[in-house]
Amino acid sequence: MGKLIRYRIQIIFTIAIIVLLSLSVFSFLRINNLVKASALVNHTTNVKLELENIFSTVADMESGHRGYILAKDIGFLTHFNSLIYNTQLKLSEIKVLIIDNKEQQDNFTKLKMLVNKRIDQMKEAVLQSRSAELTPEAWAKGKATMDDLRNHIDKMMAQEKILLKERTDSLSYETVLTPVFTIVLIFCSLGVLFLSYFVITRELKISNLLKSDLELRKKELLNVNNSLLQSNVSLKDSNASLAKMNKELESFTYISSHDLQEPLRKIQTFISRIIDMEEHLSENGKNYLNRTQESAFRMQNLIRDLLAYSRLKTEVFPIEAWDLRSLVEEVKNDLDEEINAKNVIIEVLGESEIKIIVSQFRQLLTNLISNSIKFSDKETSHIRIENKTVKGSEIPEEEISRDSLYSKIILSDNGVGFDPQFRDRIFEVFQRLHDKKFEGTGIGLAIVKKIVENHNGFISADGKVSEGAVFTIYIPR
Amino acid sequence: MKNIFLTDDDIDDCSMFSDALNEVYTGAKLTIANNGLKLMEALEQAVPSSPELIFLDLNMPLKNGFECLEEIRKSPRYQDIPIIIFSTSSNNDIVEKTYLHGANYYICKPASYSILKKTILYVLTLDVKQLQQPVRENFVINVA
């Protein structure tokens with residue numbers, strides 16, 4: 001940016017220097033012309049002066065030689081002779097003066113001839129006057145030459161006058177023009193000066209603006225950088241605390257799986273020994289011991305389920321394409337006893353392939369099926385599992401990618417069902433909708449929901465009291 | 001006479017195990033060590049008649065079950081002794097870890113005394129070949 005400004009300022013100054021220099025040259029030429037014109041005027045005036053001089057000298061000589069002729073005074077003659085020399089001097093001066101003028105040079109030749117002719121006549125007259133009286137013809141001849149000379153000088157003077165007029169005009173022209181030109185030069189200089197000032201000021205302003213803008217940007221960038229650094233630090237902090245929490249969760253998991261279960265197991269074992277070995281217990285005693293054992297058993301299940309729930313958050317498994325029917329068969333085998341005890345029919349309809357975390361989805365099916373079995377109250381329990389592929393746009397959930405494909409798995413039963421107003425609470429930990437008649441820890445469906453979320457899917461439940469429950473699961477296809 | 005070692009820091013569990021063993025199997029000599037260090041000492045003293053079976057708890061002070069398992073499997077003298085993990089935990093990760101470290105079987109301490117007896121009896125009736133580490137699915141013994 002600074003480079004460009006320097007470049008522009010250089011251009012402006014170069015132009016200014018060129019303009020001022022050329023104006024100065026013009027101005028110099030103008031002044032030169034003025035001087036020349038003035039010199040020419042002077043020159044012409046000099047020529048006129050010299051011409052008049054030469055005539056008056058010749059006229060002087062005229063009167064001198066006449067004086068001698070009349071008075072025969074030698075003084076007149078001396079004066080006359082010195083004037084001859086003077087005349088020659090004046091002639092040579094005029095010759096130099098009119099050297100630039102061709103016409104006047106021609107005129108000069110004639111002038112010189114006439115002057116010399118008259119001088120010769122006068123010399124002759126002086127010589128003649130010594131011996132004889134001068135004839136009237138001689139005087140007339142002299143006068144004629146004198147008249148010629150006067151006319152000729154007048155002619156030359158007229159010409160010089162014309163020249164003088166021309167030169168005076170030119171001089172007055174120059175005299176007017178030169179100051180005008182100088183004023184123009186001054187104004188141009190001032191203009192260039194102002195222009196340069198204006199442009200430089202503007203450039204400086206722009207450069208300052210750019211500079212301050214740059215500073216601002218720099219500051220902003222620095223701020224952004226700082227806040228980024230800060231958020232990085234806080235991110236690191238929260239990462240660290242997250243890692244710490246995870247660690248704590250792991251140790252909690254271990255405590256649950258081991259330290260909590262150990263005393264419980266001992267209680268159960270000792271009670272089982274008492275029940276087995278002590279034959280002399282009262283009926284009440286046996287009853288209490290049995291109920292204690294049942295409570296301990298429930299607690300064991302609770303711990304086991306809680307453990308399973310907490311572990312779901314921390315473990316990461318790969319998603320595989322799997323066969324739904326075979327998975328349901330496996331679950332059916334695991335739940336063999338309950339299925340036979342309650343006369344349960346399980347059927348699988350629709351597509352078979354699903355993409356799942358196998359161990360988790362097996363747990364999900366186990367929980368849902370055993371849930372349905374648990375809450376069955378009909379002579380024959382009917383569990384239907386249906387699977388089909390749907391588009392994201394058909395799913396009534398907000399955070400769904402509309403173009404992706406999903407597996408829609410519907411599990412419905414004909415059990416006791418539930419009041420539809422609890423359809424969301426049903427998935428919360430420890431939320432039990434039924435009394436203790438139906439055994440359970442209240443964690444099973446929370447685990448189901450967690451597993452669906454681990455698959456990036458959605459689950460919803462619907463039901464009607466004493467007609468059955470419907471669970472709808474969407475997982476990416 | 002079967003020479004059996006039990007390593008467990010829990011006195012109740014040890015006495016329960018001892019009782020159950022005596023009830024179901026008469027031809028066994030039980031040696032109890034209360035932690036891993038004591039197990040290693042007992043192994044040293046038992047030479048040359050090494051035990052035919054070691055029941056090993058995992059969570060113990062001073063030297064835990066994992067350390068014992070690793071040490072025994074690395075030792076040329078004891079590496080062939082069958083080790084049955086006998087732990088409260090049913091955590092899959094822990095089961096997996098002991099399997100990979102070369103334990104022969106895994107017993108999750110049962111909550112019922114009668115099941116405990118059945119389990120001990122089952123293990124003691126396994127012959128040398130049956131005591132070799134099975135496939136992963138059969139690693140955890142469940143007699144219920």
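Since we're looking at a predicted model, the values are computed, not measured.

## Brief notes about the overall build of chain B
The helix and strand tally for chain B stands at five helices and six strands. In sequence order, the secondary structure elements of chain B are arranged as β-α-β-α-β-α-β-α-β-α-β. Per-residue burial over chain B gives 35% buried out of 144 residues.

## What about the interface of chain A and chain B?
Facing twelve residues of chain A, the contacting portion of chain B comprises twelve residues. For the side of chain A that touches chain B, the element with the most residues is helix 4 (residues 136-277) of chain A, which contributes eleven residues. For the side of chain A that touches chain B, the class distribution of residues is no nonpolar, seven polar and five charged.

## Remarks on the sheet that holds strand 7 (residues 468-476) of chain A
Residues and elements named next belong to chain A. One open sheet holds the five strands; their spatial order is 2-4-5-7-6, and the pairing between them is mixed. Strand pairing shows two members of the sheet lacking a second neighbour, strand 2 (344-350) and strand 6 (458-464), which therefore form its edges. Direction aside, the axes of adjacent strands within the sheet are offset by 15 degrees on average. Both strand 4 (residues 381-391) and strand 5 (residues 405-413) contribute to a ladder of nine bridges, which runs antiparallel. Bridging from a neighbouring strand, Ile 385 pairs with Leu 411 of strand 5. On the sheet, helix 6 (residues 324-334) packs against strand 2 and strand 4 and is oriented at approximately 170 degrees with respect to strand 2. Against the sheet, helix 8 (residues 358-374) contacts strand 2, strand 4, strand 5 and strand 7, and its axis sits at roughly 145 degrees relative to strand 4.

## A few points about the confidence of the model for chain B
Overall, the predicted model of chain B reaches an average pLDDT of 86, with 98% of residues at or above 70. Here the complex is predicted with pTM 0.48, and the ipTM for its interfaces comes to 0.78.

## Details of the confidence of the model for chain A
For chain A, the mean per-residue pLDDT works out to 84, and 94% of the residues sit at or above 70. Put simply, helix 5 (residues 283-314) of chain A is where chain A has its lowest mean pLDDT, 80, and strand 5 of chain A is where it has its highest, 92.

## A short note on helix 6 of chain A
Residues and elements named next belong to chain A. When helix 6 is considered as a whole, its buried residues turn out to be Leu 324, Leu 327, Val 328 and Val 331. Down the axis of helix 6, the buried set is contained in an arc of 100 degrees. They therefore lie on one face. When the buried face of helix 6 is taken as reference, the exposed residues oriented beyond 90 degrees from it are Ser 326 and Asn 333. Its buried side turned inward, helix 6 meets strand 1 (320-323), strand 2, strand 3 (353-356), helix 8 and strand 4.

So, how was this worked out
Residues numbered from 1 in each chain as written. Chains lettered and ligands numbered in written order. Predicted model: local features only at pLDDT ≥ 70, side-chain atom pairs only at ≥ 80, totals over all residues. Helix = DSSP H or I, 4+ residues; strand = E, 2+ residues; numbered from the N terminus. Buried ≥ 20, exposed ≤ 12 C-beta atoms within 10 Å, placed from the backbone. Contact = placed C-beta atoms within 7 Å. Nonpolar A, V, L, I, M, F, W, Y, C, P; charged D, E, K, R; others polar. Pairing = 2+ DSSP bridges. Axes fitted to C-alpha atoms, helices over the stretch in contact; angles between N-to-C directions. pLDDT = per-residue confidence, 0-100. Arc of directions from axis to C-beta.

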